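One-letter residues, chain by chain:
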Amino acid sequence: MRALVIENGVVVNIIVIDSIDHPPELFGNLISGEDGGTIGDLWDGSTFTTPIYSPPITPAPTKEELIAQLNALSAQIQALE
């Protein structure tokens, strides 16, 4: 049977096992995965929810940061000559 390992309300692993009736020390908290669920899903005790992933937004460098990068690269180029 397909079983899901749950930690802190999140599916952290999927295993194949004969039964989910094992002490939690062996595999962690197991629930049946026959009805769905995948790694990363949230589990509230009755329903799986796939979180919406939003990649972190990296702010564009400032003019001053770009100039500093340009100066550092220019110094590296000068050192090669």
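Residues numbered from 1 in each chain as written. Predicted model: local features only at pLDDT ≥ 70, side-chain atom pairs only at ≥ 80, totals over all residues. Heavy atoms only, no water.

A. Molecular detail of the overall build of the chain. Helices and strands together make up the secondary structure of the chain, namely 2 helices and 5 strands. Traced from its N-terminal end to its C-terminal end, the chain shows the element sequence β-β-α-β-β-β-α. In terms of overall size, the chain is more extended than a compact globule, its C-alpha atoms giving a radius of gyration of 24 Å where 81 residues would be expected to give roughly 12 Å. Judged by the C-alpha coordinates and their principal axes, the chain covers about 70 × 25 × 20 Å. Taking as baseline every contact in the chain between residues at least 6 positions apart, the subset at least 24 positions apart corresponds to 48%. Carbon and sulfur atoms form 59% of the exposed surface of the chain, whose accessible area is close to 6400 Å². (Helix = DSSP H or I, 4+ residues; strand = E, 2+ residues; numbered from the N terminus. Rg over C-alpha atoms; globule rule 2.2 N^0.38 Å. Contact = heavy atoms within 4.5 Å. Areas by Shrake-Rupley, 256 points an atom, 1.4 Å probe, with all protein chains shown as cover.)

B. Local environment of the side chain of D41. Within the secondary structure layout, D41 lies in the loop between strand 3 (29–32) and strand 4 (42–43). Of the buried charged residues, D41 lacks a salt bridge, with R2 as the closest side chain of opposite charge at 7.4 Å. For D41, the side chain forms a polar contact with the side chain of T50, separated by 2.9 Å. Leave out the neighbours within four places in its chain, and D41 touches G9, V10, V11, F48, T49, T50 and P51. (Buried < 20%, exposed > 50% of the residue type's maximum accessible area, 1.4 Å probe, protein only. Lys, Arg positive; Asp, Glu negative; His and termini not counted. Salt bridge = Lys/Arg side-chain N within 4 Å of Asp/Glu carboxyl O. Polar contact = N/O pair within 3.5 Å; in protein donor to acceptor, adjacent residues only side chain to side chain.)

C. The arrangement of the environment of S19 in detail. Within the fold, S19 resides in the loop between strand 2 (10–16) and helix 1 (24–27). Taking the C-alpha atoms as reference points, S19 and I67, 48 residues apart in sequence, are found 62 Å from one another.

D. View of the confidence of the model for the chain. For the chain, mean pLDDT is 87; residues scoring 70 or higher make up 95% of the total. Mean pLDDT across the secondary structure elements of the chain bottoms out at helix 1, with 68, and peaks at helix 2 (residues 63–80), with 94. (pLDDT = per-residue confidence, 0-100.)

E. Region of interest: the pairing of strand 1 (residues 2–7). Summarising the sheet, strand 1 and strand 2 pair through 6 bridges and their orientation is antiparallel. Pairing of R2 across the sheet is with V16, part of strand 2. The antiparallel hairpin formed by strand 1 and strand 2 contains 2 residues in its connecting segment, where N8 sits at a positive phi of about 50°. Note: strand 1 against strand 3, 4 bridges, orientation antiparallel. Each residue of the ladder has a partner; that of L4, found in strand 3, is I31. (Pairing = 2+ DSSP bridges.)

F. Summary view of unusual backbone geometry. Despite not being glycine, N8 shows a phi value in the positive range, around 50°. Take N8: it is sitting in the loop between strand 1 and strand 2.

G. How the structure looks around the packing of aromatic side chains. In total, this model carries 1 aromatic pair according to the counting rule given. When the centroid spacing of 4.5 Å and the interplanar angle of 40° are considered together, the rings of W43 and F48 count as tilted. For W43, a relative accessible area of 21% gives the class partly exposed. (Phe/Tyr/Trp six-rings, centres within 6.5 Å; stacked < 30°, edge-to-face > 60°.)

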